[in-house]
Structures are given as C-alpha cells and as structure tokens.
Amino acid sequence: MEHLDRKIRRKLLFDMIRIRHVEDRIDAEYLNDQMRTPVHLSIGQEAIAVGACSVARRDDVISSNHRSHGHYLAKGGDLKAMIAELHCRSTGCSKGYGGSMHLIDVSVGHYGSSSIVGGGIPIGTGYALSFALKGEDRVSLVFLGDGASEEGVFYESVSFAVLKRLPVVYILENNGLAICTPLAERQAGPSIFHTAYPRNLLPACRINGNDAEAVRTAVGKAVSRARQGAGPSFIECMTYRIPGHSGCAAQDPQGYRDPAEIALWKGKCPVRAYRRKLLSLGVVSEAELFAFEEETHAEVYDAFAFARQSPLPAPTDAQGVVYCADSAKEMKHAVYGETYYTVPEGKRREIGWIAAQREALLQALEMDPSVFLMGQGIDDPFAIFGVTKGLRDIFGVTRVFDIPLAEAALTGIAVGAAQMGMRPVYFHNRPDFLYLCLDQLGNHAAKWAYLFAGQVSVPLVVWSCIGRGWAGAGAQHSQAPQAVFTHIPGMKVVMPSTCFDAKGLLLAAIQDNNPVVFIDHRHNFKNREHVPEAPYIVPLGKGVIRRQGRDITIVATSHLVQDACSAAEELALQGIEAEVIDPRTLKPLDEELILESVKKTGRLVVADTGWRTSGFAAEVAALAAEKAFSFLKAPVQRITAPDTPAPAGHTLEEGFYVGKQDIVISVLFACEKGDAS
C-alpha cells in the first residue's frame, strides 16, 4: 500500500468527516418539508468517494449517479450550491431544476449526475473518449453501484473502453443492495469483478471500500495507468450504506435488512475507524478533531441558512433551458438561408444526395477539429450508403471510426464526448436501432441542458436513414420513428427533402449545440440538383414554401415533399392551386410559416412518412385546430402510414405506403368539403 504522509491522511479523514456531517444534517432536516426532492444518502460509503477523488486532479472528471452527495463534495463541489439545490432554490448548483440526484460543478470536473441506473457509465466513458481523441492528459472516474453493474451499458462501455484503451477508471461501490434486493438474489458468482472482463485486458481488483487509504492506493494506480495510455481499470469496493435507499432514516423502516447486519456494519463505520487509526498514530489530535468538527458544523449550518434564505425559482421559469444557445463558432464562408436556390445556369453545379451529404461531412471535419464520425460500417465498402466514403483515409481512424454493435452504450459515450466539447456524428444505417438508444437520447442527451440550467451542452448528431427502398425490408427495417423523437423536449429532429438542404441542414445540425436526430430517406437518394460547393447552413427550425398556392396548404415531410409538389402540379390542371410547405425541421417546428399559409388558404392536408396515431401529421393538425380554427373551411386531412407495422411483401407494400395519388385524393376531398360548407 502507498505510504501516505501526514498531510494526505489528515485530508482524507477531514473530507470524510465533512461529508458525514453534511449528510447527517440532511438526514435530520429532511422531514421539515424544506427539501422537496428525493435524497439518497451515502452514509457509510464516504471512504470510496474521498479515497478515489483524492488522486484526481481538478481537471479530471467524474461521472456520478443518484447517490452523488459524497462524490460531489469529495471532488470539491460547492457545498452551499449543493444544499441550495436540495432545497430547489435558484442559487442551487442546477438552479433548482435538478434536485439532489442531479448535481453539477463543472469548475471541479463534476459534469452532472444521472438518476438513471447505469446511465452515467457510458457518459463517463465518453468523457475518456474525448480525452483520448484530443490527446489530453486527463482521466475519467466512473462511479457505479452493484445494481448498475447489471445493466447492459456497463459491459458495452467497458468493452469499448478496453478496445480503445481509454483513460477511465470504473469504481464499483458494492453495498450489496439494489434498492432493497440483496446481491445474492440478483447475481451469480462470488464477486462482480470476476465477471467484469478478462483480467489480461482489464486490470481489476476487489478491495475494502471502507478503507480510504486502500481506495486511494487502488484508484491511484489505475489513474496512473490511465494517464500512461494503458487503458481502463475496474475496482470493486466492498461497502455498506447505513440508511435506506432514499429519504431520511426515519422514513425507511429498513425491514428488508436484518438489524444485526446493520449493527455489524455500523461497527465498521469508515469514518470512526479511520479516526481511531489516525489518533492512535498521532497524525491528528482530539483537540484538532474537535476544532475541525466545530468548523464543519458551522459551515454546514451556514449552507442550510444560505439555502433557506435563497429565492425559489418563479413558476414562470418552469420552462428553463430546453435548448442551449446556438454555436458561437461560425463556419468559415457560411452562406445562410436560401441564397443559392436561384442561380444563373452557367454557375449551377448539380450533384446527388449522397455526394451533398458527404461534402457536408468533409467540410465539417475540415473546419472543426472537434467533429468526429462514428458508426457501424462507417468505413466498409458501402460506407453508410456512400455518405462517409473515403473520409477515414483523409482524416484518420481517430476521427472516422467503426464501432461495436452496442447502440445504447455508444450513444451515451457520444453524449459524454459531446459534453467535453467534441461534436460527434453517430451513424445508424437504419432507424430501427434508434429505439436501442432511447435511454441515452431521451433521458440524458435531451435533458442535460434543462437539468443543469444550460451549464452543459450536448452537441450531438445522430444520423439515420429510413429504409423503404430495400425490397421486402419488412416491419423491423422500414420504420419511420420521427414522431418518437419530436415528443422528447430538448431534442431537435430534422428531415431534409432536397440535396441543397441535405448538405445545409447537416452542417447546421453539426454546428448546433443541442442533440439532433437527422433522418434521411432512401427515396431521396435518387435526387440531383444544384448544391453550392462552399459550406453553408440552412437554419434549423425554419421551414420553406416549395410551391405558392391560394386554395389549400399541403405540409409534407421528407420524400413526400416531392410527391406533394407533383400532386400540386396535377391539381393545378383542375383549377386548384396548392401551397406546399416543407418544415425541414420537425422540432422545433416553424409554426408561423404553417399558420400563415393555413390562414391564407383555409384548408390543410398533412403528409408524413410516419404512422397516424400521435404522429407528426397529428401534431400539425392539432396546431391548425388550436391556432387557426376559425380560418379552416374544411376538416384537416392526414396522409400517413396506417397504424400497422410495415409488411415485407411487395404487393402488401402497395397498400401500406402513401404517395402522390393519396395527396391528390385528400386535396380533392378537402376542397369538395370546403365548397359544400
């Protein structure tokens, strides 16, 4: 074991005492109804947080969980801001939006804790990926409980960290309980670290988590190894939490544990044991301890007083920071809006959809070193339909790389890298697999800005392609799940319909400071049109009128925009002038553009590639009903896929997918209804 000098030992003890005093006070005050947020106390586990963080530098980062008070304080987090957050005050570290389970202090390397079991594991791994990509001498410490070790993302994250030799240390706080279920009823085998990963690839050890010096020694070796580029380590710390899972001790009868077991572990209290040890060694005196405890009691009292005197956020502030501000880094020679839609014939440059997107990625990689591409098959002969073809040869394997089939963890890893200032573009050949990413996209990426009051952004693009176009792709490879993501606050959803927008929207999405789900459609791959060579962006959240009209509004998405324009030309021969609107960004939606058109025409047809119930078409219909009802001359018509999975047989597909003729029929119906009224 490492020989520790007097100064280090004193700090270990004092930090443990401080954390214990803080949580004892939280425990005592919780029932007074001032802290209206769930709390999860770590009393009995202080040695792990203190021992581990004692070897971390200020610029090293930690990934924590719902039981994060000890980690936050051990890393140097602001006590007053923490207690104010527990009181949901505007002076809290998350301005009252996060509560006890979502603490943050980026100044000391605590970038936000997750209350989703296992959710922070891939994010912390992503921190390490960013350090490796940037060549920074920094390390990520990932704290997890024994329950989190059962989540699939744990094994996926560790596997990727080993593969890429990432500077990350996984610190398992094994208190033997997942809420109230004992470890023996959840896992086979004598120890988690025995099953974590092969020892020759992932150094692992099992230690006494109640011994701060043992924790410091083990984590110190792992951190040193990580800094030397040797990759990750796994440390299982055996410990025990004295309180129940959540709330104060008085709220939890702890009927699921034997009182003798609790008494046994109280006798192993890491704070009292280390106190006795240092007193016996003469490292600290009773007088010094008394003085420090008096000082700490006063500090904790002041923190509680500060919290209670701080203002509560106003109810009108409930919306908070849903989206972070746009990027301050403006691209070189950027051209905004529709500048290049109309150009002289001699200056036109027509290219295909795939070429336009590849050019966007090439220019993004050239202009911003923080951009990197990852995805399964990104460098194979098909190269994501050709979108990423040759980019690895140009930019190298550190910026364009293939990944394992671990969608959930890899999404979280991308989220973590994005929080550290990188701009990942994560490619999925098929949107069906986006369902595997929902935890990290919906619970983490989209909520991080809100939970932490805009202190951390997640500039992540998740690119996918709807698969209609493969003959017989069927129910699991022909899905159009865009409405799922429009339902998530904090997420942006993009569906281009032209080659011009395919490039400009992709560059805008990469530059945006928020998570963006970017959905292509294979039916668009055949398109060719004018696309400027210089980099430009099409702003997110701005729709466009593809065809002017006076009689009816058609709002269409993706390849259905072309069908709508074609239908409008046919309808014009019958004397009906349809206005076609392409929202381009489904969320945030350009409501003003749609409403202005509906108020002008009085009729609305919505065509979307997704399903009918609770789909994007339903959202646009509701928008018209809520904000333009008095202008409507006929019921809104929706053209969508039926509420069934997609069939595989080609004759069945003919009865499933919608297109130009469906739009024509719906417009004629709407106009007839309007005339009848």
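Below, the structure is looked at part by part. (Residues numbered from 1 in each chain as written. Predicted model: local features only at pLDDT ≥ 70, side-chain atom pairs only at ≥ 80, totals over all residues. Heavy atoms only, no water.)

## A few points about the sheet that holds strand S21 (residues 637-641)
If you trace the five strands from one edge of the open sheet to the other, you get S16-S18-S17-S20-S21, paired in mixed fashion. The sheet is open, and its two edges are formed by strand S16 (544-547) and S21, each paired on a single side. Each adjacent strand pair in this sheet contributes to an overall mean axis angle of 25°, direction not counted. Across three bridges, the pairing between S16 and strand S18 (residues 578-582) is antiparallel. When the sheet's bridge partners are listed, valine 544 is paired in S18 with aspartate 582. Against the sheet, helix H21 (residues 616-627) contacts strand S17 (552-556), strand S20 (604-611) and S21, and its axis sits at roughly 155° relative to S20. (Pairing = 2+ DSSP bridges. Helix = DSSP H or I, 4+ residues; strand = E, 2+ residues; numbered from the N terminus. Axes fitted to C-alpha atoms, helices over the stretch in contact; angles between N-to-C directions. Contact = heavy atoms within 4.5 Å.)

## Digging into the environment of glutamate 407
Here glutamate 407 shows up in helix H14 (residues 407-419). Under the relative-accessibility criterion, glutamate 407 is labelled buried at 14%. Separated by 264 residues in the primary sequence, glutamate 407 and phenylalanine 143 have C-alpha atoms spaced 21 Å apart. Excluding its chain neighbours within four sequence positions, the residues that come into contact with glutamate 407 are Tyr426, His428, Phe433, Leu436 and Cys437. (Buried < 20%, exposed > 50% of the residue type's maximum accessible area, 1.4 Å probe, protein only.)

## Considering the environment of serine 614
Along the chain, the position of serine 614 falls in the loop between S20 and H21. With a relative accessible area of 63%, serine 614 lands in the exposed category.

## Some thoughts on the sheet that holds strand S7 (residues 233-238)
Here five strands make up an open sheet; going across it, the order is S1-S2-S3-S7-S6 and the pairing parallel. The strands lining the two open edges of the sheet, one partner per strand, are strand S1 (61-63) and strand S6 (204-208). When the angles between neighbouring strand axes are averaged without regard to direction, this sheet yields 20°. Across three bridges, the pairing between S1 and strand S2 (residues 140-145) is parallel. By the bridge assignment, isoleucine 62 is partnered in S2 with leucine 141.

## Side note on H14
Under the 1.5 Å per step criterion, the end-to-end length of H14 is 18 Å for 13 residues, consistent within 8% with the ideal 18 Å. Residues of H14 that are buried: Glu407, Ala409, Leu410, Thr411, Gly412, Ile413, Ala414, Val415, Gly416, Ala417, Ala418 and Gln419. Turning to H14, the residues buried within the fold contact helix H5 (120-134), helix H6 (152-164), strand S9 (371-375), strand S11 (423-428), helix H15 (438-445) and helix H16 (448-451). The positive-phi residue at the C-terminal boundary of H14 is glycine 421, with phi of around 100°. (Expected span 1.5 Å × (residues − 1).)

## Describing the environment of valine 50
Mapped onto the elements, valine 50 comes out in helix H2 (residues 46-53). For valine 50, a relative accessible area of 3% puts it in the buried group. Valine 50 has contacts with Leu12, Asp15, Met16, Ile19 and Ala74, leaving out every residue within four places of it along the chain.

## Some details on the packing of H5 against H6
Put simply, H5 and H6 touch, their axes get as near as 9 Å, and they point 15° apart. One element, H5, and the other, H6, form an angle in the roughly parallel class. The handedness of the crossing between H5 and H6 comes out as left-handed. Along its contact with H5, which presents Ile121, Pro122, Thr125 and Leu129, the element H6 presents Val153, Phe154, Ser157, Phe160 and Ala161. (Parallel < 35°, antiparallel > 145°, perpendicular 65-115°, else oblique. Left-handed = near helix turned anticlockwise from the far one by under 90°.)

## Examining the nonpolar core
Judged by nonpolar contacts, the single largest core of 140 residues is most densely connected at Ile26, Met82, Ile83, Leu141, Tyr170, Ile171 and Val219. Counting residues per element, this core draws most heavily on helix H1 (residues 6-29), which supplies eight residues. Leaving out residues up to four positions away in the same chain, methionine 82 has contacts with Val22, Ile26, His69, Tyr72, Leu73, Cys93 and Leu103. If you look at the next biggest cluster of nonpolar residues, it comprises 40 residues, including Val461, Tyr536, Ile537 and Val538. (Core = buried A, V, L, I, M, F, W, Y, C linked by side-chain atoms within 4.5 Å.)

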